[in-house]
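Structural characterization, general
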Amino acid sequence: MPSASPSSPAPAPIAAAPPADTFAPGRLWRHAGLTGISACAGLALHAAGLRGDTLAVAVIVLFCLSYWATGWLPDFLVSLMLMFLLATCTSLGANVVFSGFTSSAFWLVFSGAVIGMALGVTGLGERVASRLADHCGHAYGIALTGFVAIAFVLGIVMPSTLGRIAILTPIVLSFCERVGLTPGRPGRTGLLLATALASCELSTAILPANLPNLVMAGTAETVLGLRLGYGEYAIALVPVLAVVRGVVLVIVAMRLFPDRLTPLVETPTIDDVHKSMRPDEWRLLAALALMLGLWLTEPWHHIAAGWVGLGIALLCLGPLRLVNPDAFLKQVKLAPLWFVAAIIGLTAAVDHAGLANALRPMLSRLDLAQMSTASAYLVLVALSVALTFLVTSNAAPALYTPLVPALALGAPLGVKVVLLTQAVGISTIALPYQAPPLVLAMALAGIGIRDATRYCVATALVALVTVVPLTPLWWRLIGLLHLH
């Protein structure tokens, strides 16, 4: 990659401080505190009727999520601890606990690393980044807005959040190098997080764009006999859940990770970007086109995105001669893979232990009939947000949607409004683990859990005072909701 312009030097790298001893005597109170909180929660859940694997999984998940949220242990260590505890303290079995290693999402992380390296080695990533820099590289705010918009538009044509992130992350990394956002710069973190969270959250406004939407639509049709139309769904959700939330993502990134772009001066290396493409670039472009085509046609061939990505990665490492296998092995980092595997295993454990089913009787007792429209709406939003904490955004619709008839009975909200309200909560990601695709983006981009958590919490809080109240106002304007 070209070096920064002498007239606009990048900040000198700061020497990394030695890692603190997290088990030093003065820090042991942290671990004792989290253990005590988890034990108290376990006793409360036991009193509420939870038993066996359901109780064990709930306590283990709470314990490990506390460490991820606080950052008091390295991410990979918490990931391994989660798998160890689930394997030894429950009867779920290795096929559930370690299901992350057999998931296509796990291999998307691997293939994304290969494709990202190929984009750098061939120069195709620099070429794309240069074109984007011509339009978005004049100011940090413009760059944030541009990539958030690209993430949303890509959601219209690519119905896979994991696929969108696998394609966008290497391009954002190349763009950052092109505009002087070197590793360690806050703007690099801001751009990567804004793009990743936009890929997860804004796609909620497009019916077939992500897994939670598909679960919601499929369950609504089979359980409620209610078919959601593409256009109707977009009109109800795009103006607030996509546009307003997109503005929130940009503004929060600018406040939490302030920076300025320092475009590189024209050098022979950068001038080469504007010349005709080399043969290796054409080979990589053909491989990416094949991958994208297979992703878009998944409903017909039924090959998961991860296996498609793995096949393309093997082509890049082998016959296409785009990435040197020895060089790749020296650069690959295993820690992000453990994190992704642990998150997927966590979701599988919650499902197989029946934690969602244990909560269903309690949730079905919610009585909205005695509430005003506004109060009932806020309760439903709070419910959907709580479910994403408990079972992640992917599984929340499978628990919420079957409850819609009971929740709508006598409520001042129609069945369709009760159903759609969950989209407001599901798209409000407060912690990274709630959106498994965001974990994938963190792994591909090397984003730390602390920065990701700060950004998620901040955007969720701002969304609660913007997106949440504006959504019913918009629904009232289009005649979907009647406030009283």
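See the structure above.
Summary of the structure given here. (Residues numbered from 1 in each chain as written. Predicted model: local features only at pLDDT ≥ 70, side-chain atom pairs only at ≥ 80, totals over all residues. Heavy atoms only, no water.)

Side note on the nonpolar core
Judged by nonpolar contacts, the single largest core of 160 residues is most densely connected at W68, F175, L191, V323, Y455 and W475. Excluding residues that lie within four positions of it along the chain, V323 makes contacts with V114, M117, A118, C316, L317 and F328. (Core = buried A, V, L, I, M, F, W, Y, C linked by side-chain atoms within 4.5 Å. Buried < 20%, exposed > 50% of the residue type's maximum accessible area, 1.4 Å probe, protein only. Contact = heavy atoms within 4.5 Å.)

Here we look at the packing of aromatic side chains
As enumerated under the stated definition, the model contains 6 aromatic pairs in all. Both rings, one in F98 and one in F101, keep their centres 6.4 Å apart while their planes meet at 35°; by these two values the pair is tilted. Take F98: its relative accessible area is 32%, and that puts it in the partly exposed class. Relative accessible area serves as the criterion here: at 25%, F101 is assigned to the partly exposed category. Ring centres of Y377 and W475 lie 6.2 Å apart, and the angle between their planes is 85°; on these two criteria the pair is classed as edge-to-face. With Y377 in helix 19 (residues 373–400) and W475 in helix 24 (residues 467–477), this pair connects stretches of sequence that are 98 residues apart. In this pair, the class of Y377 matches that of W475, namely buried. (Phe/Tyr/Trp six-rings, centres within 6.5 Å; stacked < 30°, edge-to-face > 60°. Helix = DSSP H or I, 4+ residues; strand = E, 2+ residues; numbered from the N terminus.)

Let's talk about unusual backbone geometry
Most peptide bonds take the trans configuration, and most residues that are not glycine carry a negative phi. For H302, which is not glycine, the phi torsion reads 60° and is therefore positive. By the element assignment, H302 lies in the loop between helix 14 (298–301) and helix 15 (305–317). On the accessibility criterion, H302 (63% relative accessible area) is exposed. Unusually for a residue other than glycine, R321 sits at a positive phi of about 55°.

Concerning the pattern of salt bridges
Applying the stated criterion across every chain, the model contains 7 salt bridges. Residue E281 is joined to R278 by a salt bridge in which the shortest nitrogen-to-oxygen separation is 3.8 Å. Since its relative accessible area comes to 1%, E281 is described here as buried. Using a relative accessible area of 40% as the deciding quantity, one classes R278 as partly exposed. One connected set of salt bridges, linked through shared partners, spans R278, D280 and E281. (Salt bridge = Lys/Arg side-chain N within 4 Å of Asp/Glu carboxyl O.)

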